[in-house]
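The chain contents come next:
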Amino acid sequence: MASKAARKAIYLQKLRSHLKDNNKHLVIVSADNLCVNQIQAIRQGLRPHSSVVMGKNSFMRRSLAIQAPSAGKPAFVGAIPHINGKVGLILTDCDPEEVSETVAGYKLQPLVCSSMDIGMCSLWQWLLGFHMNLLSK
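On a predicted model such as this, the values are computed, not experimentally measured, just so you know. (Residues numbered from 1 in each chain as written. Predicted model: local features only at pLDDT ≥ 70, side-chain atom pairs only at ≥ 80, totals over all residues. Heavy atoms only, no water.)

### Considering the side chain of Ser50
As a reminder, the rule being used: Numbered from the N terminus, helices here are DSSP runs of H or I no shorter than four residues, and strands are runs of E no shorter than two. Summary of the burial criterion: residues with accessible area below 20% of their type's maximum are buried, those above 50% are exposed, and those between are partly exposed, where the area comes from a 1.4 Å probe applied to protein chains only. Whenever a nitrogen or oxygen atom comes within 3.5 Å of another N or O atom, the pair is scored as a polar contact, on the condition that within protein one atom can donate a hydrogen and the other can accept it, and that pairs from neighbouring residues in sequence are kept only if both atoms are in side chains.
With respect to the helices and strands, Ser50 occurs in strand 2 (residues 50-54). A residue is classified by how much of its surface remains accessible, and Ser50, at 8% relative accessible area, is buried. Side chain to side chain, Ser50 and His49 meet in a polar contact 2.9 Å long. Only 2.8 Å separates the side chain of Ser50 from the side chain of Thr92, close enough to count as a polar contact.

### Here's the deal with the packing of aromatic side chains
Inclusion rule: Aromatic pairing here means that ring centres of Phe, Tyr or Trp (its six-membered ring) are within 6.5 Å. Orientation follows from the plane angle: under 30 degrees is stacked, over 60 is edge-to-face, and everything else is tilted.
Scanning the entire structure with this criterion turns up 1 aromatic pair. Relative to Phe59, the ring of Tyr11 has its centre 5.2 Å away and its plane inclined at 50°; by these criteria the two rings are tilted. Of this pair, Tyr11 sits in helix 1 (residues 4-20) while Phe59 sits in helix 3 (residues 57-70); the two residues are 48 residues apart in sequence, bridging distant segments of the chain. Here Tyr11 and Phe59 have matching classes, each one buried.

### With respect to the pairing of strand 2
Filter applied, for reference: A pair of strands is considered paired only if DSSP assigns at least 2 bridges between the two.
With respect to burial, strand 2 is a largely interior element, 4 of its 5 residues being buried. In this sheet, strand 3 (residues 87-92) lies alongside strand 2 in antiparallel orientation, the contact comprising 5 bridges. Across the sheet, residue Ser51 finds its bridge partner in strand 3, namely Leu91.

Given below as structure tokens:
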């Protein structure tokens, strides 16, 4: 397993290569409540003309601030404040509206709930049932 510094260097190199390609536009998409298979399907659908970059937000911000000006795309630095939450960056040379429509065209089923939500749902159901039993007595 590579060290943390080696993984960061590899990520930085990948982002640099994506920025140096003929990618003229940057689209930020939300990836909340999506499973890996859905994100992979979107990546495969966009692969011929776009590249999807996912990662940790703080490192995406930092690497975009470092690499965008050196790659000749200083306008991409303006997107840094919008990188928060679970997001992905789509670097494309096509029209950004076409890319957004392509991503929206996938029939994405959001994850129903996480394990914590299941625990909270069962807790709320138990509490509700308990109170309903008290009220019926």
